[in-house]
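Coordinate analysis (summary)
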Amino acid sequence: MSFGQASKLTFKAVGFYTGKNDRAHISFVHEANRWFSKIAIENNFSYDSTNNWSNLNDTFLSQYQVVIFLDTRPEGPEQRSAFERYMENGGAWMGFHFAGFSLTPSDFPQNWDWYHNQFIGAGQYKGNTWRPTSAILRIEDSTYAIAKHLPVTFKSSPNEWYSWEKDLRKNSDIKILLSIDPTSFPLGTGPKQHEIWHSGYYPVVWTNKKYKMIYFNMGHNDIDYEHHTDKELSFQFDNDIQNQLVKNAIMWLGLMN
């Protein structure tokens, strides 16, 4: 389904998703599709979504200025090659949470060096907080367009926060835009002690200066797993300040020359 008014469209965006397995990620995918559809109409761009990853090809991608990975990543060699060409040729990308995940061994091994090591730059997943909790996020560079109308620090929606194999501060191609403010600690409630963070530096949003891209370490809603109800306990887009951040980001990507 396509949203937006054709006579006024400034750009076209498409969200790719898998929407299987983890209930928290499925919840986020549905929520994100609703939210992007709404802001597309309000801001004169179009938003489509698809769970058919075979659409990740040159012909399909040529219709869009922004590609969004809502949960996973492409697995097929042809799909990956098409995405690399799209980005190398000036396309724009936004990724959320699990779209950056890789871990060997797992169902999502680190078997795509360009994407995880060069493009996103974080390498493999290293660890996470649990359960999903809000954090105080700090904007690291207020001159970037994504910081427009945002306070320097703000409280996020509840999320499962990832840590990574590589220190992004040491990568000259990566510009960290938001990180977890130390006032957030301790972050997470456990019960496993290693899933409660007490200190450290954790990037949350960043861009690779060689590409039109932005990655958000957000996209995991809280679900009532303990009582086996699978009830949604939190939502990403119930947060006006965080919403402004994501809106700023997609407009930045879509209108970037």
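Residues numbered from 1 in each chain as written. Predicted model: local features only at pLDDT ≥ 70, side-chain atom pairs only at ≥ 80, totals over all residues. Heavy atoms only, no water.

Overview of empty space enclosed by the protein
Per the stated rule, a full pass over the model turns up one cavity of 30 Å³ or more. For the lining of the largest cavity, the class distribution of residues is five nonpolar, two polar and no charged. (1 Å grid on protein atoms, 1.4 Å probe; cavity = no way out; pocket = protein on both sides within 12 Å on 5 of 7 lines; lining within 4 Å. Points joined across faces, edges and corners; volume = space filled by probe spheres on them. Nonpolar A, V, L, I, M, F, W, Y, C, P; charged D, E, K, R; others polar.)

Re the confidence of the model for the chain
Averaged over every residue, the pLDDT of the chain is 94; residues scoring 70 or more account for 97%. Under a pLDDT of 50 for its full length, residues 1-6 has, in the predicted model, 16 contacts with residues more than four places off or in other chains. (pLDDT = per-residue confidence, 0-100. Contact = heavy atoms within 4.5 Å.)

Describing the layout of surface pockets
Volume-wise, the largest pocket comes out at about 250 Å³. In terms of lining residues, the largest pocket is bounded by 18 residues, among which Lys20, Asn21, Thr72, Phe98 and Phe108 are the most central. Residue classes in the lining of the largest pocket are distributed as four nonpolar, seven polar and seven charged. A volume near 180 Å³ is recorded for the second largest pocket. Partitioning the lining of the second largest pocket into residue classes produces five nonpolar, one polar and four charged.

Considerations on the side chain of serine 184
Structurally, the position occupied by serine 184 is in the loop between β9 (174-180) and β10 (203-208). In terms of polar contacts, serine 184 uses its side chain to reach the backbone amide nitrogen of isoleucine 136, at 2.7 Å. (Helix = DSSP H or I, 4+ residues; strand = E, 2+ residues; numbered from the N terminus. Polar contact = N/O pair within 3.5 Å; in protein donor to acceptor, adjacent residues only side chain to side chain.)

Regarding the packing of aromatic side chains
Taken as a whole and judged by the stated rule, the model has 42 aromatic pairs. With centroids separated by 6.4 Å and ring planes inclined at 70°, the aromatic side chains of phenylalanine 36 and phenylalanine 237 adopt a geometry described as edge-to-face. With phenylalanine 36 in helix α1 (residues 23-43) and phenylalanine 237 in the loop between β11 (212-216) and α5 (240-255), this pair connects stretches of sequence that are 201 residues apart. Overall, the relative accessible area of 0% leaves phenylalanine 36 in the buried class. Owing to a relative accessible area of 11%, phenylalanine 237 belongs among the buried residues under this scheme. Where phenylalanine 83 meets tryptophan 93, the ring centres are 6.3 Å apart and the plane angle is 65°; that geometry is what we call edge-to-face. With phenylalanine 83 in helix α3 (residues 77-88) and tryptophan 93 in strand β4 (residues 92-96), the pair connects residues that are ten residues apart, well separated along the chain. Taken together, the ring pairs connect Phe16, Trp53, Phe60, Tyr64, Phe69, Phe83, Trp93, Trp112, Trp114, Tyr115, Phe119 and Tyr211 into an aromatic cluster. Directly above the aromatic system of tyrosine 64 lies the positively charged group of lysine 12, at a separation of 5.1 Å from the ring centroid. (Phe/Tyr/Trp six-rings, centres within 6.5 Å; stacked < 30°, edge-to-face > 60°. Buried < 20%, exposed > 50% of the residue type's maximum accessible area, 1.4 Å probe, protein only. Lys NZ or Arg CZ within 6 Å of the ring centre and 35° of its normal.)

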